[in-house]
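Structure assessment
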Amino acid sequence: MGVTKEQVESTLKTKMIPSHLEVIDTSGGCGASFVIEIVSEQFEGKRLLERHRMVNAALEEEMKSIHALSIKKAVTPSQWKQQQETEASQAAA
């Protein structure tokens, strides 16, 4: 049996303590493929590869049933704020 979106969210919320988390089940409901966008202070001072490894490690148990995991964004709160401001100013232009 696959993993649910709620299981992925619960695990990441517990282990990564994100200020923003978006999990999208792209498998059509079978729980084999997810896209994740996560903002966490735990990413401070870490390179992108290290951040992705942290997310994969947090989901170690779930990864046994997940076929594909796409980490769309893994950023710090300050990076997230800057991205949101940039997107807002571009939308206003």
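Preceding block: the structure.
Conventions and cut-offs
- Residues numbered from 1 in each chain as written.
- Predicted model: local features only at pLDDT ≥ 70, side-chain atom pairs only at ≥ 80, totals over all residues.
- Heavy atoms only, no water.
- Helix = DSSP H or I, 4+ residues; strand = E, 2+ residues; numbered from the N terminus.
- Polar contact = N/O pair within 3.5 Å; in protein donor to acceptor, adjacent residues only side chain to side chain.
- Salt bridge = Lys/Arg side-chain N within 4 Å of Asp/Glu carboxyl O.
- Pairing = 2+ DSSP bridges.
- Axes fitted to C-alpha atoms, helices over the stretch in contact; angles between N-to-C directions.
- Contact = heavy atoms within 4.5 Å.
- Buried < 20%, exposed > 50% of the residue type's maximum accessible area, 1.4 Å probe, protein only.
- Left-handed = near helix turned anticlockwise from the far one by under 90°.
- Nonpolar A, V, L, I, M, F, W, Y, C, P; charged D, E, K, R; others polar.

With that out of the way, let us pick up the side chain of Ser33. With respect to the helices, strands and loops of the structure, Ser33 is situated in strand β2 (residues 33-39). Of the polar contacts made by the side chain of Ser33, one reaches the side chain of Thr26; its length is 2.7 Å.

Summed over the entire model, instances satisfying the criterion amount to four salt bridges. Between Lys72 and Glu37 there is a salt bridge whose closest N-O contact spans 3.6 Å. In this pair, Lys72 sits in strand β3 (residues 68-75) while Glu37 sits in strand β2, placing the two residues 35 residues apart along the sequence.

Below, the discussion takes up the sheet that holds β3. Strand order in this open sheet of three strands is β1-β2-β3, and the pairing throughout is mixed. On the outer flanks of this sheet lie β1 (20-25) and β3, each paired with one strand and no other. This sheet shows a mean twist of 10° between the axes of neighbouring strands, independent of strand direction. Bridge count between β2 and β3: seven bridges; the pairing is parallel. When the sheet's bridge partners are listed, Ile36 is paired in β3 with Ile71. Of the strands in this sheet, β2 and β3 are in contact with helix α2 (residues 48-58), which crosses β3 at around 125°.

Burial of β2 is extensive: seven of the seven residues sit out of reach of the surface. Taking every second residue as pointing to the same face, both faces of β2 are buried, with Ser33, Val35, Glu37 and Val39 on one and Phe34, Ile36 and Ile38 on the other. Of the pairings in the sheet, the one linking β1 to β2 comprises six bridges and is antiparallel in character. In the strand pairing of β2, Asp25 is matched with Phe34.

Let us look at unusual backbone geometry. Phi angles above zero are rare outside glycine, and Ile17 is one such case at about 45°. Following the sequence through the fold, Ile17 ends up in the loop between α1 (5-16) and β1. Taking the relative accessible area as the measure of exposure, Ile17 reaches 61% and is therefore exposed.

Here we come to the packing of α1 against α2. At a closest axis distance of 9 Å, the pairing of α1 and α2 adopts a crossing angle of 120°. As for how α1 packs across α2, the hand of that crossing is right-handed. Here Thr11, Leu12, Lys15 and Met16 of α1 come into contact with α2, specifically with Met54, Val55 and Ala58. Here the contact of α1 with α2 is composed, by residue class, of five nonpolar, one polar and one charged.

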